[in-house]
Amino acid sequence: MWGILIALVSGALMSVQGVFNTELTKSSSLWIANSWVQLTAFFVCAAAWFSTGKQNVMELFQVSHKYMLLGGVLGAFITLTVIQSMERLGPAQAVLVIVVSQIAVAYLIEVFGLFGVEQVVFEGKKLLGLLLAIGGIFIFQH
């Protein structure tokens, strides 16, 4: 139950953040807004780190697959693409397409066991659910 509640809050926060970032871009530029978002996120995370015990930062570099350190790089491009998609599609349609893309890629990661994720067996009903979600994009557009 907590997982679902947290996921609902996450989705709501992503939608609101996307709108904020898109509006911020209109007052500045794409890369300035993106930089501001990443910088303020850094400060919030640093403050949380200082207030929760200051674990050793060097533990980060003990990760076995160094490509796992690229989450921040991906975050910058996520912010960039969310801003651009919301600007072109509007918040609701952009979020719908983003979420369906997330589902598709996440399922592929699970089915193929990519990035150290435990591999799951392919299920046709999950593919059907994904196809229905894709159909929902077209229904939502018209």
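Criteria and cut-off values
Residues numbered from 1 in each chain as written. Predicted model: local features only at pLDDT ≥ 70, side-chain atom pairs only at ≥ 80, totals over all residues. Heavy atoms only, no water. Salt bridge = Lys/Arg side-chain N within 4 Å of Asp/Glu carboxyl O. Helix = DSSP H or I, 4+ residues; strand = E, 2+ residues; numbered from the N terminus. Buried < 20%, exposed > 50% of the residue type's maximum accessible area, 1.4 Å probe, protein only. pLDDT = per-residue confidence, 0-100. Axes fitted to C-alpha atoms, helices over the stretch in contact; angles between N-to-C directions. Parallel < 35°, antiparallel > 145°, perpendicular 65-115°, else oblique. Contact = heavy atoms within 4.5 Å. Expected span 1.5 Å × (residues − 1). Phe/Tyr/Trp six-rings, centres within 6.5 Å; stacked < 30°, edge-to-face > 60°.

Overview of the pattern of salt bridges
Next up, step 1: Under the counting rule described, the total for this entry stands at 3 salt bridges.
Next up, step 2: A salt bridge links Glu23 to Lys26, with the shortest nitrogen-to-oxygen separation between them at 3.0 Å. Within this pair, Glu23 and its partner Lys26 are both found in helix α1 (residues 2-27), separated by 3 residues, close to a single helical turn.
Next up, step 3: Taking relative accessible area as the criterion, Lys26 reaches 57% and is therefore assigned exposed.
Next up, step 4: Between Lys125 and Glu123 there is a salt bridge whose closest N-O contact spans 3.8 Å.
Next up, step 5: The partly exposed category is assigned to Glu123, whose relative accessible area is 29%.
Next up, step 6: One network of salt bridges, in which partners are shared, links Glu123, Lys125 and Lys126.

Regarding the confidence of the model for the chain
Next up, step 1: Of the residues in the chain, 100% reach a pLDDT of 70 or more, and the chain-wide mean stands at 93.
Next up, step 2: Across the chain, element-level confidence peaks in helix α4 (residues 91-112) with a mean pLDDT of 95 and bottoms out in α1 with 93.

Focus: the packing of α1 against helix α3 (residues 71-89)
Next up, step 1: Between α1 and α3, the least distance of the axes is 9 Å, while the angle of their chain directions is 80 degrees. Classed by the angle they form, the pair α1 and α3 counts as roughly perpendicular. Each of Ser15, Gly18, Val19, Asn21, Thr22 and Thr25 in α1 lies in contact with α3, whose residues at this interface are Thr79, Val82, Ile83, Met86 and Glu87.

So, the environment of Gln102
Next up, step 1: As for its position among the elements, Gln102 is in helix α4.
Next up, step 2: Relative accessible area serves as the criterion here: at 41%, Gln102 is assigned to the partly exposed category.
Next up, step 3: Along the primary structure Gln102 and Ala48 are separated by 54 residues, whereas in three dimensions their C-alpha atoms are 28 Å apart.

Some words on unusual backbone geometry
Next up, step 1: Phi at Phe115 takes a positive value of approximately 60 degrees, unusual for a residue other than glycine.
Next up, step 2: Along the chain, Phe115 turns up in the loop between α4 and α5 (124-141).

Details of α4
Since one α-helical turn is 3.6 residues long, residues separated by three or four positions face the same way.
Next up, step 1: Over its 22 residues, α4 extends 31 Å from the first C-alpha to the last, a length consistent with the 32 Å expected when each residue adds 1.5 Å.
Next up, step 2: What α4 keeps buried is the set Gln93, Ala94, Val100, Tyr107, Ile109 and Val111.
Next up, step 3: Contacts from the buried residues of α4 go to α3 and α5.
Next up, step 4: Phi for Gly113, located one or two positions after α4, is positive at around 60 degrees.

Section: the side chain of Ser85
Next up, step 1: Examined against the element boundaries, Ser85 turns out to sit in helix α3.
Next up, step 2: When near neighbours in sequence (up to four residues on either side) are disregarded, Ser85 contacts Gly90, Ala94 and Ile98.

As for the packing of aromatic side chains
Any two aromatic rings considered together are summarised by their centre-to-centre distance and by the angle between their planes.
Next up, step 1: One pass over the structure, following the stated rule, counts 5 aromatic pairs.
Next up, step 2: A centroid spacing of 6.2 Å and a plane angle of 40 degrees characterise the contact between Tyr107 and Phe122, whose relative ring orientation is tilted. Here Phe122 lies in the loop between α4 and α5 and Tyr107 lies in helix α4, a separation of 15 residues in the sequence.
Next up, step 3: Since its relative accessible area comes to 45%, Phe122 is described here as partly exposed.

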